[in-house]
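So the chains spell out like this:
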Amino acid sequence: GNSVTQMEGPVTLSEEAFLTINCTYTATGYPSLFWYVQYPGEGLQLLLKATKADDKGSNKGFEATYRKETTSFHLEKGSVQVSDSAVYFCALTPYSGAGSYQLTFGKGTKLSVIP
Amino acid sequence: DTGVSQNPRHKITKRGQNVTFRCDPISEHNRLYWYRQTLGQGPEFLTYFQNEAQLEKSRLLSDRFSAERPKGSFSTLEIQRTEQGDSAMYLCASSTGQSNQPQHFGDGTRLSIL
């Protein structure tokens, strides 16, 4: 079956530091890949997505590139802010011919940014 | 776009009682999904509707769980004879019918079993 593995947290960074959260996946064919973010006390919000190999998703200074050869979708940001403190989830949906639309999530990585 | 709405936000009940949650998707979205999230874990898929048809169910959805979407708009998730292990956050999401479109989540219903 499909699975997503992301680096375990918590991750604590100083403001303006560089962020990388690793994510690798196991799936048949070409799944669609997503990063969701969950701020304290709130629901999941879509951060960015990529639907085919070598696509780069970006939003709010965050970026992730769909790497088919390494089955990875690592999240990066050049300079984090205190407001980026949240839990980040990597997720996938199966390739479009699978007839399934369920999201498979990683366990989440908690990021804390200190001033 | 008013977003996905879930009610109630919190539900506390005694073991053995039945509970029902409601989800109102984004109005033009014909796909609706239910997930369950326990503390420290990512959400796990429970079931999915396209319009009023329930097309996919997870093995996590035991026979005590039932979901409906009678007119293809809002959906309800009922848990009968609740157990301690049902304590979790229940999340609803919706999306359009186009392929590769992201799912948009509500804030969830937190269920606590006493």
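Residues numbered from 1 in each chain as written. Chains lettered and ligands numbered in written order. Predicted model: local features only at pLDDT ≥ 70, side-chain atom pairs only at ≥ 80, totals over all residues. Heavy atoms only, no water.

1. A few points about the layout of surface pockets
Thought 1: Within this model, the largest pocket holds a volume of roughly 540 Å³.
Thought 2: The wall of the largest pocket is formed by 29 residues, among which A:Gln38, B:Gln37, B:Leu39, B:Gly40 and B:Arg110 lie closest to the centre.
Thought 3: Those elements that place two or more of their residues in the lining of the largest pocket are strand E10 (86-93) and strand E12 (109-114) of chain A together with strand E9 (88-95) and strand E11 (109-113) of chain B.
Thought 4: In terms of residue class, the lining of the largest pocket is built from 11 nonpolar, 12 polar and 6 charged.
Thought 5: Within this model, the second largest pocket holds a volume of roughly 420 Å³. (1 Å grid on protein atoms, 1.4 Å probe; cavity = no way out; pocket = protein on both sides within 12 Å on 5 of 7 lines; lining within 4 Å. Points joined across faces, edges and corners; volume = space filled by probe spheres on them. Helix = DSSP H or I, 4+ residues; strand = E, 2+ residues; numbered from the N terminus. Nonpolar A, V, L, I, M, F, W, Y, C, P; charged D, E, K, R; others polar.)

2. Remarks on the interface of chain B and chain A
Thought 1: At the junction of the two partners, chain B supplies 20 residues and chain A supplies 20 residues.
Thought 2: The three residues of chain B that bury the most area against chain A are B:Glu56, B:Asn100 and B:Phe105, which together make up 29% of that side's buried surface.
Thought 3: Our count for the contact surface shared by chain B and chain A stands at 0 salt bridges.
Thought 4: Along the contact surface separating chain B from chain A lie 8 residue pairs in polar contact (both at pLDDT 80 or more).
Thought 5: Mapped by element, the contributors of at least two residues to the side of chain B that touches chain A are strand E4 (31-37) and strand E5 (44-50) of chain B. (Contact = heavy atoms within 4.5 Å. Buried area = accessible area lost by both parts, 1.4 Å probe. Salt bridge = Lys/Arg side-chain N within 4 Å of Asp/Glu carboxyl O. Polar contact = N/O pair within 3.5 Å; in protein donor to acceptor, adjacent residues only side chain to side chain.)

3. A short note on empty space enclosed by the protein
Thought 1: Per the counting criterion, the structure on display carries 1 cavity of 30 Å³ or more.
Thought 2: Considered as a void within the structure, the largest cavity measures approximately 150 Å³ in volume.
Thought 3: A:Thr93, A:Tyr101, B:Arg31, B:Asn100 and B:Gln101 are, among the 20 residues lining the largest cavity, the residues nearest its centre.
Thought 4: If you list the elements that add at least two residues to the lining of the largest cavity, you get strand E5 (32-38) of chain A together with E4 of chain B.
Thought 5: Per-element tally for the lining of the largest cavity: the top contributor is E5(A), with 3 residues.
Thought 6: By residue class, the composition of the lining of the largest cavity is 8 nonpolar, 11 polar and 1 charged.

4. A closer look at unusual backbone geometry
Thought 1: A:Pro10 follows A:Gly9 through a cis peptide bond whose omega is -5 degrees.
Thought 2: On the secondary structure map, A:Pro10 appears in the loop between strand E1 (3-6) and strand E2 (11-14).
Thought 3: Of the consecutive residues B:Asn7 and B:Pro8, the connecting peptide bond is found in the cis state with omega at -10 degrees.
Thought 4: Turning to its location among the elements, B:Pro8 is positioned in the loop between strand E1 (5-7) and strand E2 (10-13).
Thought 5: Positive phi values are uncommon outside glycine, yet A:Lys60 reaches one of about 55 degrees.

5. A look at the sheet that holds strand E8 (residues 62-65) of chain A
All names here are of chain A.
Thought 1: Reading across from one edge, E3-E9-E8-E7 is the order of the 4 strands in this open sheet, with antiparallel pairing throughout. Looking at which strands have only one partner, the edges of the open sheet turn out to be strand E3 (19-21) and strand E7 (56-59). In this sheet, adjacent strand axes meet at a mean angle of 15 degrees when their direction is disregarded.
Thought 2: As paired strands, E7 and E8 are joined by 4 bridges and run antiparallel to one another. Counted as the bridge partner of Gly-57 is Ala-64 from E8. (Pairing = 2+ DSSP bridges. Axes fitted to C-alpha atoms, helices over the stretch in contact; angles between N-to-C directions.)

6. Here we look at the pairing of E10(A)
All names here are of chain A.
Thought 1: Burial analysis of E10 places 7 of its 8 residues in the buried class, the great majority of the element.
Thought 2: In terms of strand pairing, E5 meets E10 through 7 bridges, oriented antiparallel. The partner of Ser-32 across the bridge, within E10, is Thr-93.
Thought 3: The pairing of E10 with E12 spans 3 bridges and is classified as antiparallel. Its bridge partner being in E12, Val-87 is matched across the sheet by Lys-110. (Buried < 20%, exposed > 50% of the residue type's maximum accessible area, 1.4 Å probe, protein only.)

7. Brief notes about the nonpolar core
The tendency in soluble globular proteins is for nonpolar side chains to be buried side by side.
Residue and element names in this part refer to chain A.
Thought 1: If you look at the biggest cluster of nonpolar residues, it comprises 26 residues, and the most contacted ones within it are Trp-35, Leu-47, Leu-48, Phe-73, Leu-75 and Tyr-88.
Thought 2: Counting only elements with at least two residues in this core, the list comes to E2, E3, strand E4 (23-26), E5, strand E6 (44-50), E8, E10 and E12.
Thought 3: The element that contributes the greatest number of residues to this core is E10, accounting for 4 residues.
Thought 4: Ignoring anything within four residues of it in the chain, the contact list for Leu-47 reads Trp-35, Tyr-36, Val-37, Asn-59, Phe-62, Leu-75 and Tyr-88. (Core = buried A, V, L, I, M, F, W, Y, C linked by side-chain atoms within 4.5 Å.)

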